[in-house]
Amino acid sequence: MKAKKILYSQKIAPYVFVLPFVLSLLIFWLYPLVSGIVMSFQEVSFGVTSWIGTANYQKLFRDSFFTTAVWNSVEYMALTLLLMVPIPMVLAVLMESRLTKARGVWKVIMYIPALTSVVISGLLFRLMFSEGENGQMNVIMHMLGQPSQAWLRARFTGWCALLLLCVWRWTGVNVLYYVSGLKSIDTSLYESGDIDGANAWQKFRYITLPLLKPTTVYVITISVFAGLSMFLESFMIWAGNNSPKNIGLTIVGYLYKRGIERNEMGYACAVGVVLMVIALVINFIQLVATGTFHIGKKKED
Amino acid sequence: MANNTPKQKTMAANHKVGTFFATALFALISALIAFPLVCGLLGSFRDGQKVITTGMSLDLKSPVSLQNYQELFAMFSPDNFSDDVVVNSRSYFNWYKNSLVLTITTVVLTLLVCYFIAYGLSMYKFKLQGFLFFMVIATMSVPFEILMLPLYQEINTIGLINTNAGVFLPGLCAASTIFFFKQYMTSLPKELLDAARVDGCTEYGISVRIMMPITKPAFASMAILCAMGSWNNMLWPMLVFRDTSKFTLQIGLNTLLTPYGNNYNLLIAGSMFGIIPILVIYLIFNRYLVEGMTSGAVKG
Amino acid sequence: MKKWLAMLLAGSMVLSMGTVAFAEEETESGEPTDVTTVGPDDGTHFELWSFVDLHNTFYANMVEEWNAQNPDRQIQITFSTYPFQDMHNKLMMALQAGEGAPDICDIEIGQFPNFSGENSPLYDLGEALAPYEADLVQSRLDVYSKADGTRIGVPTHVGATVMYWNAEIFEEYGLDYKSVKTWDDYTALGEQLKEASNGEVYLTSVDTGGTDWLWLSMAEYGEDYTGGPEGPVNVMLDSVKNMLTMQQQWLNDGIAMVSTDGHTDTDGCRATILDGKIASFPKAMWYMSRFKDYMPEEEGKWDITICPVWEEGQKYSVGIGGTGTVVTNECEDPALAAEWLAWAKCSPEGEAHIWNDLGFDVCNTALWSDEEFAYSEDNVYNTFFRVKPYELLNQMAEDDAIGTVYTTANSPVLNDYLCTTTLNEIFIDGMDVETALQECQDYLDMELMM
């Protein structure tokens with residue numbers, strides 16, 4: 001009876017609510033994470049492990065494939081940020097303006113690519129950008145009187161395909177985030193803007209943009225993580241982990257190659273740890289830059 | 001209309017031009033976005049290997065057939081072995097069923113668990129609150145691939161290998177879902193809680209009877225995202241499942257790509273048909289999606 | 001809340017019930033039912049993984065035949081087919097964790113070194129293979145062995161490399177491909193073909209994503225860039241340089257094109273072959289089944305010969321590709337599993353299935369000259385091409401023409417660098433062969449030293 005009373009008290013209740021999280025955190029996150037970090041200092045071979053100190057890390061920093069992978073991932077992240085923040089924002093503003101008709105239809109169509117799996121969408125893009133005579137892009141080239149291109153062999157065109165896949169899949173989702181952000185802006189602000197004689201650009205610059213900041217922070221955060229850990233997209237477009245001159249090799253791709261394709265688990269874990277450090281640093285910079293660190297406190301008032 | 005000033009008239013005209021261009025722009029974007037999917041859809045009705053030899057063209061004149069779908073649903077009729085035993089571990093509908101069961105279980109359990117965690121994190125003030133919320137964010141920033149191998153060994157030891165639970169348990173307390181629910185609930189008035197307490201409701205009663213109905217839009221938007229993730233997930237389930245009979249749709253479709261050649265025609269047909277359930281869920285919950293997002297994560 | 005939850009549940013129920021109903025209808029209508037376990041319940045049970053359904057079908061038949069012949073040693077096997085890469089990953093994960101691996105498993109040759117290194121968890125098959133060993137192609141057994149020579153995998157086929165010719169094209173232009181003996185002859189034929197066809201038809205296509213040409217050249221010279229099981233890796237070989245230089249020249253002269261999608265065993269390149277854009281290419285014998293399965297309309301058009309050489313008297317073939325089947329240390333009766341496996345893949349009964357159903361050049365050389373086994377008109381490959389494939393194999397056996405290139409622990413790194421970087425630099429960017437190879441060697445030295 002007493003036990004029940006304590007369990008039902010307002011003091012204990014929150015702990016009961018968060019208990020599953022704490023358990024899951026310990027069992028499915030902290031334990032594997034620590035094992036991973038420990039393994040990065042080991043050589044692992046069919047259950048037999050031996051300590052090798054920082055040898056994995058020393059090798060890592062001299063490994064040209066790893067350097068390529070890091071730059072590819074960082075560059076991909078940066079480019080997706082450049083594409084996936086401003087474009088959806090402008091599209092959302094345009095969509096929510098009174099100008100656009102049938103916006104429900106456009107929203108649904110733009111969202112559909114996000115529902116497809118990377119496996120199928122990557123395959124569709126690979127066939128589209130195929131170097132064969134019958135890929136759609138080459139058919140278009142022929143219509144323009146141009147010869148066939150080996151799209152996925154060159155870095156520039158290969159990356160166009162990769163970025164296009166990203167834009168194709170996620171524009172609709174990001175537009176939706178911005179549409180939600182716009183909906184939460186008080187319309188009376190625009191009315192007072194009208195009264196003050198502000199033009200469309202001024203209203204966008206001084207009302208919309210600042211008030212969309214929380215949305216922008218959220219979109220940037222998810223894009224940073226998604227960009228840094230991109231793997232399957234490249235894996236599908238280049239039909240595997242081997243792209244010409246490694247133009248499509250990413251950090252997670254390299255982790256996968258070393259750990260799973262080549263059975264060098266210790267080395268792969270070192271790659272993973274470096275990735276984690278990069279993610280944490282970027283995350284930290286971004287949180288400081290956007291002032292999100294105070295988010296928890298703001299909530300209280 | 002009669003007493004419109006000339007200025008109003010030009011504005012109306014401008015507005016009309018603007019409407020035309022804005023709408024045309026979205027129509028164009030939608031067409032471009034639909035293009036690969038339409039190609040895929042048409043490709044799924046092309047004859048067998050034609051998809052590869054002639055490409056996935058928009059050519060409407062080339063013959064259309066249901067052959068791929070027939071073959072997919074029959075999966076596979078063995079023709080080269082007459083009287084001998086034929087090992088045929090492929091059954092499209094079995095994959096489909098497994099995926100449905102796994103996705104529904106995952107979505108329902110994840111939403112409920114994450115809801116209660118978020119409720120605890122946002123409705124009370126307690127010692128570990130700040131730290132735990134920080135950990136929610138922290139788990140989001142560690143890529144799953146790093147945890148994969150140790151996690152696999154762990155699942156093996158616990159004995160969850162080859163079970164649905166082994167697939168969804170590690171991801172049950174999804175950080176992004178908790179984060180979303182928490183953001184959503186923080187914006188709700190807490191006075192309701194006190195009123196309910198006065199009425200003699202228990203803490204747990206309040207969370208179910210008072211708060212849950214209010215968070216309906218958040219549930220809807222998370223249901224879509226969670227279902228998408230689960231339905232399309234492949235890497236982890238592939239490691240956990242050992243029985244061919246437990247394969248999900250995504251794993252099964254991947255068995256069509258073999259070193260002996262790729263059954264692209266079946267893969268494309270199978271994938272196109274596989275979008276249906278997730279599309280249905282999306283269309284059902286679509287109207288809640290923006291509503292849920294508006295009051296959820298994107299509020300600072 | 002209740003309403004939408006009800007909706008969700010109702011909706012999904014309808015969907016899933018619909019599909020299940022469909023599925024049941026399917027089985028009732030007399031379509032083949034799924035068989036994943038073969039053999040009596042009281043037999044010794046094994047689990048077997050493969051990445052090809054056809055392999056499992058073959059094994060299933062061998063289980064039935066075994067049980068018919070060995071009433072006192074019945075076996076039962078449960079089969080699983082996984083996606084190619086995933087099966088190898090899963091096997092690796094399971095063996096690393098020491099739990100969850102199957103008893104018997106197919107491993108593709110390129111993946112094999114990952115499993116054969118130190119602490120290899122694979123069972124020694126030496127005893128099981130002993131009855132067949134004398135008749136088997138030795139180099140094929142060697143590639144599935146540990147560095148100390150312990151046999152740990154049973155081969156499926158030889159994969160002898162031969163030259164495929166689109167005879168119809170050469171006839172059309174009145175050119176004679178049959179007299180080609182050396183690579184010089186081959187290049188000269190390419191010039192003639194280019195002239196005759198106005199540059200429409202290429203003699204061949206060179207690979208940026210595969211090393212078959214290099215293997216062939218190394219076998220001819222008797223060289224090996226892996227340095228064999230003991231190493232060291234060295235790509236600065238005459239065989240490699242000469243082959244790459246010659247191929248680069250072909251590209252410059254418009255005699256050859258770069259293989260669509262990297263090598264000839266891709267869908268893109270098969271389209272090129274079907275279009276008649278390339279007239280010949282060297283490939284292992286197992287490529288015959290690709291013709292049958294994916295290019296049936298090519299029946300009767302193609303001829304197969306032995307490959308050109310640098311100098312007469314050299315070896316002219318090399319075994320490429322393949323699958324080694326292994327017994328893992330998790331098997332409870334490994335001796336029985338190994339005995340069945342060796343019998344299934346090396347005995348005349350098993351080899352008959354491998355040749356007739358799968359279309360492979362079998363490893364058991366005693367059968368090559370067996371008239372009924374090798375030349376039966378019932379075998380589709382004996383009629384599909386303008387030559388009976390085993391005639392070539394017997395010629396190779398007579399000349400001892402099949403060379404060996406090892407697949408070692410260093411092979412994945414080596415292959416990776418060549419196929420992603422070096423070959424692309426040489427064939428796409430036109431980089432100097434010597435420079436590109438030196439770059440490759442430097443990377444390998446750094447990578448493998450540590």
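Residues numbered from 1 in each chain as written. Chains lettered and ligands numbered in written order. Predicted model: local features only at pLDDT ≥ 70, side-chain atom pairs only at ≥ 80, totals over all residues.

A few words now on the environment of Tyr443 of chain C. The topology assignment puts Tyr443 of chain C in helix α19 (residues 433–449). Expressed as a C-alpha distance, the spacing of Tyr443 of chain C and Asp275 of chain C, which sit 168 residues apart in the sequence, is 39 Å. (Helix = DSSP H or I, 4+ residues; strand = E, 2+ residues; numbered from the N terminus.)

Attention shifts here to the domain arrangement of chain B. Residues and elements named next belong to chain B. Taken as a whole, chain B is organised into domain 1 (6–74) and domain 2 (92–295). Taken together, the 13 residues of domain 1 in the interface contact eight residues of domain 2. Where the side of domain 1 that touches domain 2 is concerned, the elements lending two or more residues are α1 (6–43), α2 (50–53) and α3 (67–74). It is α3 that contributes the most residues to the side of domain 1 that touches domain 2, five residues altogether. Here the side of domain 1 that touches domain 2 is built from residues that sort into six nonpolar, six polar and one charged. (Domains from an automatic or database assignment. Contact = placed C-beta atoms within 7 Å. Nonpolar A, V, L, I, M, F, W, Y, C, P; charged D, E, K, R; others polar.)

Moving on, we come to the packing of helix α15 (residues 265–290) of chain A against helix α6 (residues 144–158) of chain B. Orientation of α15 of chain A relative to α6 of chain B, taken along the N-to-C sense of each, is 145°, at an axis distance of 9 Å. Read as a crossing pair, α15 of chain A and α6 of chain B show a hand that is left-handed. Taking contact as the criterion, the partners of Met265, Gly272, Leu275 and Met276 of chain A in α15 of chain A are, on α6 of chain B, Glu145, Ile146 and Leu149 of chain B. Taken together, the residues that form the contact of α15 of chain A with α6 of chain B break down as five nonpolar, one polar and one charged. (Axes fitted to C-alpha atoms, helices over the stretch in contact; angles between N-to-C directions. Left-handed = near helix turned anticlockwise from the far one by under 90°.)

Moving on to the nonpolar core. Ranked by size, the top nonpolar core spans 298 residues in total, and within it Val271 of chain A, Ile117, Ile178 and Ala223 of chain B together with Val327, Leu341 and Ala342 of chain C carry the most contacts. Tallying contributions element by element places helix α4 (residues 92–123) of chain B first for this core, with 17 residues. (Core = buried A, V, L, I, M, F, W, Y, C linked by C-beta atoms within 7 Å. Buried ≥ 20, exposed ≤ 12 C-beta atoms within 10 Å, placed from the backbone.)

As a further point, take the interface of chain B and chain A. Taken residue by residue, the interface counts 69 residues in chain B and 75 residues in chain A. Per-element tally for the side of chain B that touches chain A: the top contributor is α1 of chain B, with 13 residues. Grouping the constituent residues of the side of chain B that touches chain A by class yields 44 nonpolar, 21 polar and four charged.

Take the sheet that holds strand β9 (residues 302–305) of chain C next. All names here are of chain C. With antiparallel pairing, three strands are arranged side by side in an open sheet as β8-β5-β9. Both outer strands of the open sheet, β8 (280–284) and β9, are each paired with one neighbouring strand and no more. Pairs of neighbouring strands in the sheet enclose a mean axial angle of 30°, with direction left out of account. Most of the contacts of helix α9 (residues 212–221) go to β8, to which it runs at about 75°, and overall it touches β5 (161–166) and β8. (Pairing = 2+ DSSP bridges.)

What follows deals with the confidence of the model for chain A. Residues and elements named next belong to chain A. In the predicted model, chain A carries a mean pLDDT of 86, and 95% of its residues have values of at least 70. Across chain A, the secondary-structure element scoring lowest on mean pLDDT is helix α16 (residues 295–300), at 41, and the one scoring highest is helix α4 (residues 64–84), at 94. Every residue in residues 295–301 is under pLDDT 50, and counting partners more than four places away or in other chains gives four contacts. (pLDDT = per-residue confidence, 0-100.)

Glancing now at unusual backbone geometry. In this structure, Lys245 of chain A is a non-glycine residue whose phi angle is positive, near 50°. Residue placement: Lys245 of chain A occurs in the loop between α13 (232–237) and α14 (251–261). Its 19 C-beta neighbours within 10 Å are what place Lys245 of chain A among the partly exposed residues. Backbone geometry places Asn198 of chain C, a non-glycine residue, at a positive phi of 60°. With respect to the helices, strands and loops of the structure, Asn198 of chain C is situated in the loop between α8 (183–196) and β6 (204–206). Residue class for Asn198 of chain C comes out exposed when judged on the 7 C-beta atoms lying within 10 Å of it.

What follows deals with the pairing of β8 of chain C. Residue and element names in this part refer to chain C. In terms of burial, β8 is largely enclosed, as five of its five residues are buried. Residue alternation in β8 divides its side chains into two sets, Ser280, Pro282 and Ala284 and Phe281 and Lys283, and both sets are buried. Note: β5 against β8, five bridges, orientation antiparallel. Within β8, the residue paired with Thr161 across the bridge is Ala284.

This part covers the environment of Leu244 of chain C. The residue Leu244 of chain C is located in helix α10 (residues 238–253) in this model. Measuring from C-alpha to C-alpha, the distance between Leu244 of chain C and Phe427 of chain C comes to 8.6 Å, with 183 residues separating the pair along the chain.

A separate point is helix α5 (residues 126–133) of chain C. All names here are of chain C. The complete set of buried residues in α5 reads Ala128, Leu129 and Tyr132. Seen along its axis, α5 keeps its buried residues to an arc of 80°; they face one direction. For α5, the exposed residues lying more than 90 degrees away from the buried face are Glu127 and Ala130. Contacts made by the buried residues of α5 are with α13 (334–346). (Arc of directions from axis to C-beta.)

Let's shift gears to the sheet that holds strand β4 (residues 104–108) of chain C. Residue and element names in this part refer to chain C. Read from one edge to the other, the open sheet built from five strands follows the order β1-β3-β2-β4-β11, with strand pairing classed as mixed. One side of each edge strand has no neighbouring strand; the edge strands of this open sheet are β1 (37–38) and β11 (323–327). Summarising the sheet, strand β2 (residues 44–50) and strand β3 (residues 75–81) pair through seven bridges and their orientation is parallel. In the strand pairing of β3, Thr44 is matched with Ile75. Packing against the sheet, helix α2 (residues 53–69) makes contact with β1, β2, β3 and β4, and its axis sits at approximately 175° to β3.

To continue, consider the packing of helix α8 (residues 175–186) of chain B against helix α11 (residues 216–232) of chain B. Residues and elements named next belong to chain B. With their axes 11 Å apart at the nearest point, α8 and α11 run at an angle of 165° to one another. Classified by the angle their axes make, α8 and α11 are roughly antiparallel. α11 is crossed by α8, and the crossing has right-handed handedness. Where α8 approaches α11, its residues Thr177, Phe180, Phe181 and Tyr184 are matched on the opposing element by Ala218, Met222 and Cys226. Considered class by class, the residues forming the contact of α8 with α11 number six nonpolar, one polar and no charged. (Parallel < 35°, antiparallel > 145°, perpendicular 65-115°, else oblique.)

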